[in-house]
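# Understanding the architecture of this molecule
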Amino acid sequence: MTIAPVLILGGRSDIGRAVAHRFARAGHPIQLAVRNPETVAADARDIELRHGVGVSLHAFDALETAGHAAFLDTLDPLPGIAVCAVGLLGDQAESERDMAAATRVMRSNFEAPALLLGELANRFEARGSGTLVGISSVAGERGRATNYVYGSAKSGFTAFLSGLRNRLAGKGVHVVTVLPGFVRTRMTEGMDLPARLTATPEAVAEAIFRAVKKRRDSLHVLPVWALVMAVIRNIPERVFKRMRI
Amino acid sequence: MMLSGWGRYPWAACHVIRPRDEDALRAALADGPAIARGNGRAYGDSAMHPRSTLDMRGFERMLDFDPGSGVLVAEAGVILGDIISTFLPRGWFPLVTPGTKFVTLGGMLAADVHGKNHHRDGSMRACVDWIEVMGPDGCVERLRPGEERFDWTLGGMGLTGLILRAAIRLQRVESGWIRQTLIPAADLDAAMEAFEAHAGARYSVAWIDCLSPAPALGRSLVMLGEHAARDELPQTHGGAPFVVPRRRALRVPMDAPAFLLSGPLIRAFNALHHARGSRAAGTRLVDWDSYFYPLDALLGWNRIYGRRGFVQFQCALPLDASRDGLSAMLRRIATAGQGAFLAVLKRFGPGEGRFSFPMEGYTLALDFPVNRRSLALLDELDRITIDHGGRFYLAKDARMSATTMRAADPRAEGFAAMRREQGLHSAFASAQSERLAL
């Protein structure tokens, strides 16, 4: 059996790159989809040199949703596994003031990744096989004052993935929802993150790799986050609304 | 954030930036003196500066490899261990490697590191085709062997510019195994004789017991090594010559208590080690990881020296003064009873470069826990080194004074002058370069 190609959507992100390396290490050819392929040419060469697999580059703009189908048509072959690392943290205060900024955060974290994986899901379903991995966020588990624009979009994405998984169960297509907590990446650079709750991009990649191989449905990268979020979810709203967390 | 070198001494609050592209590096350089830092394996304060420490591990890509010539082009933040795990299965191994694989390529170049084959193959510079270095103005220049700036940069400890990329030549090997020959030496003379008698060996290094007094002063285990050819491997390995048993890495979980480093305990450890080694005299196959990087299997081994950290002393002595200088040092160390788990003796080949550490002769390296007595002893060892015409390895140094440095190495003044003339001193500085007035 040949080893299935892995499509990385958002291949320039730290998590996307780490996931590409992890699957390449296991012998999977890699398809890197980014807005400007020349920005990742050196990364592609690095993956080829280190792991001896083929890497192809694909130009795509996640927010140009009208172009998704045409972009997927250019993938030859259709990947066996697709990992969506598209997302944008944005700035909560800016999102509160500026509708355009809020729209960008909502579209980058929900509309674009959901439509993209939805389109891929149809193709995987027609083929009767494939794995879709959506990188969502614990921020989607309960809206908080500090990041609810981002969180609400991730919440929508998490629900979308869950529905997709439900629809495709028994049709050969598997859907994995990843809820990383804090991750030390370019997106969180300069933030003061608690060490015990913060994962590296490599740890996220390893968790995703294992989840795909074991066909897990949903995972936190660091198990402690399941506990943290269980607590946060169960605080009564009367209390929660006055908390600053 | 608080930073130290591998020895965990000294510490300093440093502003650390992690640039991801050349523009970010240029912006950082515009902001005053900075020093590049790789994986933090220099022992002292070479790769830290309170004002601006540039974490180069964001530049970690391999860019090209020529399977015909073995030339690898890679960014400065690539880790040596990754080079080995990538290319050893294809039959290639670094020509020069220090005693840990957790160093970055940039760090190896900046310190012009040496390995167990220095007497035959030279230091890191021997395998470099070119380097690309960003100057104070943000311009990137490709430098080649023979050029003056290349010569200053190899061994220049990051003080001549930011090393961004390099092309290095790997060597062909037939297996991942080393044929190791162990020669017990009863004292220093016997150890030096063994080095001279085996000058043709590819690799040679000695573990030396610094705590045993005369008549066993400087008793050693001299270890020679050759890359094993494929047909030397037993049948079980011959089919997969690059596959070696995976070593289980252990992690030191906490800072060790001080009594572990008491003189008697280390003395006993050293005696036991020597006795076991002597029984294992002869030739056997050892996997590359155990042979070149014995301490890498103990992750965080720097913590065994306790909370206060440790310093490593490493000097090189000219050939004609080696015997006298080494005896004087060993006598002093044995009398003081100041401990060192790891003391290493090695024969160097000819020195090269304008500011690189190795010189033809012998090098001695040993660790000391940081305390008042050992710092005083180190001052004495400095004096013995200077009296015998020796010099010190900046990648290990954490504590010597600018005066000591000048006395030991007349080249320091020229290095500092060159930095002033070329406007490098205001762009590149480390805690070490300020301490040593480089």
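Residues numbered from 1 in each chain as written. Chains lettered and ligands numbered in written order. Predicted model: local features only at pLDDT ≥ 70, side-chain atom pairs only at ≥ 80, totals over all residues. Heavy atoms only, no water.

Along the backbone of chain B there are 14 helices and 21 strands. Relative to the compact-globule value of 22 Å for 438 residues, chain B shows a C-alpha radius of gyration of 21 Å, a close match. The buried share of chain B, reckoned over its 438 residues, is 59%. In chain B, 74% of the contacts between residues at least 6 apart in sequence involve partners at least 24 apart. For chain B, the distance from the average position of its 52 positive side-chain charges to the average position of its 47 negative side-chain charges is 7 Å. (Helix = DSSP H or I, 4+ residues; strand = E, 2+ residues; numbered from the N terminus. Rg over C-alpha atoms; globule rule 2.2 N^0.38 Å. Buried < 20%, exposed > 50% of the residue type's maximum accessible area, 1.4 Å probe, protein only. Contact = heavy atoms within 4.5 Å. Lys, Arg positive; Asp, Glu negative; His and termini not counted. Charge placed at Lys NZ, Arg CZ, Asp CG, Glu CD.)

With 12 residues of chain B in contact, the opposing surface of chain A contributes 13 residues. The junction of chain B with chain A conceals about 1,100 Å² of combined surface from both sides, 38% of it contributed by carbon and sulfur atoms. Summed over the three residues of chain B that lose the most area to chain A, namely Arg20, Arg61 and Met62 of chain B, the buried surface amounts to 50% of that side. Summed over the shared surface of chain B and chain A, the number is 6 salt bridges. We note a salt bridge from Asp82 of chain B to Arg50 of chain A, for which the minimum N-O separation is 3.2 Å. Taken together, the connections running from chain B to chain A amount to 9 residue pairs in polar contact (both at pLDDT 80 or more). For the side of chain B that touches chain A, the elements supplying multiple residues, two or more each, are strand 6 (62-66) and helix 2 (80-87) of chain B. In terms of residue count, strand 6 of chain B provides more of the side of chain B that touches chain A than any other element does, 4 residues in total. (Buried area = accessible area lost by both parts, 1.4 Å probe. Salt bridge = Lys/Arg side-chain N within 4 Å of Asp/Glu carboxyl O. Polar contact = N/O pair within 3.5 Å; in protein donor to acceptor, adjacent residues only side chain to side chain.)

This part covers the packing of aromatic side chains. For the structure on display, the rule yields 22 aromatic pairs over all chains. On the basis of an interplanar angle of 65° and a centroid distance of 5.1 Å, the ring pair of Phe23 of chain A and Phe209 of chain A is categorised as edge-to-face. Pair noted here: Phe23 of chain A is in helix 1 (residues 14-25) and Phe209 of chain A is in helix 7 (residues 201-214), with a separation of 186 residues, a long-range link. Each member of the pair, Phe23 of chain A as well as Phe209 of chain A, is classed as buried. Judged by centre distance (5.9 Å) and plane angle (45°), the ring pair of Phe292 of chain B and Tyr293 of chain B falls under tilted. The exposure class of Phe292 of chain B is buried, given its relative accessible area of 2%. The exposure class of Tyr293 of chain B is buried, given its relative accessible area of 0%. (Phe/Tyr/Trp six-rings, centres within 6.5 Å; stacked < 30°, edge-to-face > 60°.)

Turning next to helix 2 of chain B. Buried residues dominate helix 2 of chain B, accounting for 6 of its 8 residues. Within the span of helix 2 of chain B, buried status applies to Leu80, Gly81, Ile83, Ile84, Thr86 and Phe87 of chain B.

Attention shifts here to the sheet that holds strand 3 (residues 16-17) of chain B. Within a beta sheet, neighbouring strands are joined by backbone hydrogen bonds and run either parallel or antiparallel to one another. All names here are of chain B. Taken in spatial order, the 3 strands line up as 3-5-4 in an open sheet, and their pairing is parallel. The open sheet has two free edges, formed respectively by strand 3 and strand 4 (35-37), since each of these has just one partner strand. Bridging between strand 3 and strand 5 (residues 53-55) involves 2 bridges; their strand directions are parallel. Considered in strand 5, the bridge of Val16 is made with Thr53. (Pairing = 2+ DSSP bridges.)

Attention shifts here to the pairing of strand 6 (residues 173-179) of chain A. Residues and elements named next belong to chain A. With 7 of 7 residues buried, strand 6 lies mostly within the body of the structure. Alternating positions in strand 6 separate into two faces, Val173, Val175, Thr177 and Leu179 on one and His174, Val176 and Val178 on the other, with burial throughout. Pairing between strand 5 (residues 130-135) and strand 6: 6 bridges, direction parallel. The residue of strand 6 that forms the bridge with Val133 is Val176. Where the polypeptide runs from strand 5 across helix 6 (residues 148-168) and back to strand 6, its parallel neighbour, the crossover connection is right-handed. One ladder, built from 3 bridges, connects strand 6 with strand 9 (residues 218-220); its direction is parallel. Paired with Thr177 across the strands is Ser218, a residue of strand 9. (Right-handed = clockwise from strand over helix to strand, strands pointing away.)

This part covers the nonpolar core. Of all hydrophobic cores here, the largest spans 118 residues; its most connected members are Ile168 and Leu345 of chain B. When neighbours within four sequence positions are excluded, Ile168 of chain B is seen to be in contact with Gly70, Val71, Leu72, Ile83, Leu105, Met124, Cys127 and Val128 of chain B. Grouped together as the second largest cluster of nonpolar side chains are 34 residues, Ile30, Ala205, Ala207 and Leu219 of chain A included. (Core = buried A, V, L, I, M, F, W, Y, C linked by side-chain atoms within 4.5 Å.)

Below, the discussion takes up the pattern of salt bridges. All names here are of chain B. Under the definition given, this model contains 49 salt bridges over all chains. Residue Glu141 is joined to Arg149 by a salt bridge in which the shortest nitrogen-to-oxygen separation is 2.5 Å. Classification of Arg149 as partly exposed rests on a relative accessible area of 22%. With a shortest N-O distance of 3.4 Å, Asp151 and Arg354 are connected by a salt bridge. Taken together, the residues Asp151 in helix 5 (residues 148-153) and Arg354 in the loop between strand 19 (343-348) and strand 20 (361-369) connect sequence positions 203 residues apart. A single salt-bridge network, built from bridges that share partners, covers Glu22, Asp23, Arg26, Glu132, Arg142 and Arg165.

What follows covers the domain arrangement of chain B. Residues and elements named next belong to chain B. Looking at chain B, the domain boundaries give domain 1 (2-55 + 416-435), domain 2 (57-172) and domain 3 (177-399). Centre-to-centre separation of domain 1 and domain 3, based on C-alpha positions: 29 Å. In this complex, domain 1 contributes 12 residues to the contact, which on the side of domain 3 involves 20 residues. Summing both partners gives a buried area of about 1,300 Å² for domain 1 against domain 3, and 51% of it is carried by carbon and sulfur. Area buried by domain 1 at its contact with domain 3 is led by Arg8, Tyr9 and Tyr43, which between them contribute 53% of it. Inspection of the domain 1/domain 3 interface yields 1 salt bridge. (Domains from an automatic or database assignment.)

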